[in-house]
Structure formats: structure tokens, C-alpha cells
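# Structure assessment
Letter by letter, the chains look like this.
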Amino acid sequence: MIAVENLVKRFGSFTAVDGVSIDVAPGQIHGFLGPNGAGKTTSIRMIAGLLKPDAGRILVNGHDLAVEPEAAKAALGFIPDRPFIYEKLTSGEFLRFHAGLYGMEERDIDERIKEMLDIFELGRWQHELVESFSHGMKQRLVMSAAFLHRPRAVLVDEPMVGLDPRGAKLIKAVFRRMSENGVAILMSTHTLEVAQEMCDRISIILKGAIIAHGTVEELRSMAGTPDEELTPVFLKLTGGSGLQEIDEIV
Ligand SMILES: Nc1ncnc2c1ncn2[C@@H]1O[C@H](COP(=O)(O)OP(=O)(O)OP(=O)(O)O)[C@@H](O)[C@H]1O
Ligand SMILES: [Mg+2]
């Protein structure tokens, strides 16, 4: 559903993304892990069609993003790490605006907006201005928008930041339900418990390149760590924790 081949992005002489390939099948949740600055957001922005790659190919639902950008983007939902929402709209208006952008059919819109507001527990605030929303409410609204037009594939950049336990549980349940309905989800996260709990497969990116991919089980055996937890596996594969330096400073 999402097929990325040899994606490259350079900023001047710096190569931020250096030949990334990722495949996400329908119904799969694919975790995209890596240290700060590894190239996750840059990759995701290219797949979302917001940043032009220097090389590589991106297919969404069989449509080449460079050849049929509209068809590819119509099949895609995107939840950015730092979303922009028009604060002077109500949540209902924001979703209506989004529906317009995606050319949803008029007769379908109201019912679908209601459905999304219910799923993300925002129905009570449908007529409130977004500027009065808490961080978690804004986050849930952005997610409602991303799923509104029934995308076949969804890109999520750091979904769990700043969500309370109830919000995080809700988001996990929604992602699971969407994936059971066949939606392919590519999700970057630093919350390794979430990755471990939710992801069918994981790709680890380091300095712009994928250094490991597979199921949690496969990554564990690649790292040769007996640990149940994904954190030591991640640290082993990405070359240590760097924490010894802190010991030296302290
Ligand atoms: N517009 C830009 N111009 C120059 N360098 C950039 C630009 N965007 C990103 N970079 C650089 O590319 C590298 C990858 O950044 P990116 O935001 O993709 O990392 P990330 O994996 O998402 O990190 P984080 O976990 O902190 O979100 C970083 O070194 C960053 O400074
Ligand atoms: Mg990022």
C-alpha cells in the first residue's frame, strides 16, 4: 500500500535521507524508529508529498507520487509532528474544510464528520473554536481529519507526544481498528513500548539509512539481546546509548 524505494534527500552537502526503502502492506502498522535527526520526519514529509525527493520512488495505493500526485495523495492521510490548525475555526468547520480539500462527496460529509468526532471523543466540542482546545484535543482533531476521507494509507509522525494515558489508549485503539479495516499505517515514534505493542514490523533508521527492519522478534535476534524490552534492542542496533558521556560529565 505504501512502497518506498531508495529515497534520497539532500540539504546542501548534507544527506538527510540516504536510500530509504520501506514497504507497508494493507492492514499493517509499520513502526519507523530512529534517534533524533535520523531522517524520519524528512522521509515522512517526502512520502506525504510535501518535500521533493532527490532520488527514489514512492507508490501509494499503486500510484506513483511523482507521476500521479493527486491519486497518490487522495489515498493518503497524514498526521504531522507539528500540525497546523486554523485556530479560528470550530472543530466541525475544520473537518468540513478538510473534506473540501479532499473533494469528499457533499452528502457523505456530515455523517462522516460526526463519525470521526465520535470516534475521537470530540463530539461535545464540535462547535467550539480550536483555539480553546487542549493539546490532546487538537491532536485528536488532526487525527480525525487524517482519517476523514477514508485513506488507504496513513502516515503518522510521533502520535503519542503529550497525550494523557486515556488519549494514548484511544489513539492506539483507533489505529488498531483502522488497520483491521485494511489501512496501512506508517508511524514514527520514540515511544518504544508503543512500537512494541502495536507494530507488525519495524524499520530502524540511523543517519538517513535503514539499518534494520523486521518484526520485534527478528530485531531482537538481530541485536542478540535476550531482553524482552525493545529499548536495549534499539540501543544496541543504533550503536549504544551514549550515556557513558553523561557519566563523564557528572
Ligand atoms: N529543511 C532542512 N534543511 C536542512 N537540514 C534539514 C532540513 N530538514 C531536516 N534537516 C536535517 O535532516 C536531518 C534529519 O531530520 P529529521 O527531522 O528528518 O529527523 P527525525 O528523524 O525526524 O528526528 P526527530 O526524532 O528529532 O524528530 C537532521 O539533521 C536535520 O537537521
Ligand atoms: Mg521528526
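Refer to the preceding data block for the structure.
A few points on the structure. (Residues numbered from 1 in each chain as written. Chains lettered and ligands numbered in written order. Predicted model: local features only at pLDDT ≥ 70, side-chain atom pairs only at ≥ 80, totals over all residues.)

## Topic: the overall build of the chain
The secondary structure content of the chain amounts to 10 helices and 10 strands. A globule of 250 residues ought to have a C-alpha radius of gyration of about 18 Å, and the chain, at 19 Å, matches this closely. Its C-alpha atoms give the chain principal-axis dimensions of roughly 55 × 45 × 35 Å. Taking all 250 residues of the chain together, 37% fall into the buried category. (Helix = DSSP H or I, 4+ residues; strand = E, 2+ residues; numbered from the N terminus. Rg over C-alpha atoms; globule rule 2.2 N^0.38 Å. Buried ≥ 20, exposed ≤ 12 C-beta atoms within 10 Å, placed from the backbone.)

## Here we look at unusual backbone geometry
Negative phi characterises most residues that are not glycine, and trans characterises most peptide bonds. Positioned with a positive phi, E158 is a non-glycine residue whose angle comes to about 60°. Structurally, E158 can be placed in the loop between strand 7 (153-157) and helix 6 (165-180). The backbone of K207 shows a phi angle near 45°, a positive value even though the residue is not glycine. With respect to the secondary-structure elements, K207 resides in the loop between strand 9 (201-206) and strand 10 (209-214).

## Overview of helix 3 (residues 91-101)
Among the residues making up helix 3, those that are buried are S91, F94, L95, H98 and A99. The arc that holds every buried residue of helix 3, seen down its axis, measures 140°, which confines them to one face. Tucked into the core, helix 3 has its buried residues touching helix 4 (106-119) and helix 5 (135-148). Where helix 3 terminates, the next one or two residues include G103, which has phi positive at roughly 60°. (Arc of directions from axis to C-beta. Contact = placed C-beta atoms within 7 Å.)

## Observations regarding the pairing of strand 3 (residues 29-33)
In terms of burial, strand 3 is largely enclosed, as five of its five residues are buried. Burial of strand 3 is two-sided: the residues I29, G31 and L33 facing one way and the residues H30 and F32 facing the other way are all buried. Both strand 3 and strand 8 (residues 184-188) contribute to a ladder of four bridges, which runs parallel. Considered in strand 8, the bridge of I29 is made with I185. The pairing of strand 3 with strand 9 spans four bridges and is parallel. When the bridges of strand 9 are listed, F32 appears paired with S203. (Pairing = 2+ DSSP bridges.)

## Focus: the site of ligand 1
Neighbouring residues of ligand 1: F11, A16, G34, N36, G37, A38, G39, K40, T41 and T42. Along the lines of polarity and charge, the residues of the shell around ligand 1 split into three nonpolar, six polar and one charged. (Near = placed C-beta within 6 Å. Nonpolar A, V, L, I, M, F, W, Y, C, P; charged D, E, K, R; others polar.)

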